[in-house]
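Observations on the model geometry
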Amino acid sequence: MMYHTPEEKAEFAESMERRLKQFLLRCIQVFRKLPDSYEAQHFGKQLVRSSSSVASNYRAVRRSRSQNEFFAKLSITVEELDESVFWLEMLVFTDIIAADRLSDLLDEGQQLLKILSKSRSNTK
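The structure contained in this document is the topic of the report that follows. Please read these numbers as outputs of a predicted model, since none were measured by experiment.

**Overview of the packing of aromatic side chains**
Applying the stated criterion to the full structure yields 2 aromatic pairs. Here the aromatic rings of phenylalanine 43 and tryptophan 87 are separated by 5.4 Å at their centres, their planes lie at 35°, and the arrangement is tilted. Remark: tryptophan 87 occurs in helix H3 (residues 67–93) and phenylalanine 43 occurs in helix H2 (residues 38–62); sequence separation between them is 44 residues. Residue phenylalanine 43 shares its accessibility class with tryptophan 87, and that shared class is buried. Seen from their ring centres, phenylalanine 86 and tryptophan 87 are 4.9 Å apart, and the 70° between their planes marks the pair as edge-to-face. For tryptophan 87, a relative accessible area of 11% puts it in the buried group.

**A word on the nonpolar core**
Soluble globular proteins tend to pack their nonpolar side chains together in the buried interior. Judged by nonpolar contacts, the single largest core of 30 residues is most densely connected at Leu91, Leu102 and Leu116. Mapped by element, the contributors of at least two residues to this core are helix H1 (6–32), H2, H3 and helix H4 (99–123). With residues near it in sequence (within four places) discarded, leucine 102 still touches Val30, Leu88, Leu91, Val92 and Ile97.

**A look at the pattern of salt bridges**
In total, this model carries 8 salt bridges according to the counting rule given. Of the charged contacts in the structure, one is a salt bridge between glutamate 14 and arginine 62, with a shortest N-O distance of 2.9 Å. Taken together, the residues span a long stretch of sequence, with glutamate 14 in helix H1 and arginine 62 in helix H2 at a distance of 48 residues. Across the pair arginine 49 and glutamate 80 runs a salt bridge whose closest N-O atoms are separated by 3.2 Å. Remark: glutamate 80 occurs in helix H3 and arginine 49 occurs in helix H2; sequence separation between them is 31 residues. When its relative accessible area of 11% is taken as the criterion, glutamate 80 is described as buried. Look at the salt bridges and you will find they share partners, linking Glu14, Glu17, Lys21, Arg59 and Arg62 into a network.

Procedures and definitions
Residues numbered from 1 in each chain as written. Predicted model: local features only at pLDDT ≥ 70, side-chain atom pairs only at ≥ 80, totals over all residues. Heavy atoms only, no water. Phe/Tyr/Trp six-rings, centres within 6.5 Å; stacked < 30°, edge-to-face > 60°. Helix = DSSP H or I, 4+ residues; strand = E, 2+ residues; numbered from the N terminus. Buried < 20%, exposed > 50% of the residue type's maximum accessible area, 1.4 Å probe, protein only. Core = buried A, V, L, I, M, F, W, Y, C linked by side-chain atoms within 4.5 Å. Contact = heavy atoms within 4.5 Å. Salt bridge = Lys/Arg side-chain N within 4 Å of Asp/Glu carboxyl O.

Structure, rendered in structure tokens:
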């Protein structure tokens, strides 16, 4: 997507930040409902760690001081988002959570990953 004005670019960034914070909140809600088994707690803690890193690193992307810093922070954001999707997939793969309960959250994670990956490739 091409932005024609600084306002459009700012609106996109605000929208992405909101979506990433909402993604984090939803991941926390998943964690809070997990069983007490070792693997469920391990996967859940990794999910909370990576999804919180996504939101905080995207905030850093928005405050980057150079194109190189922007690319580096955005790369971290993409990597952490991909890891978050992985942990959600593992919760399903190991039958800790039914696939239908996480399908919307997984879809949102994949959509965000595509958008941010495209933004990163446009930065090169």
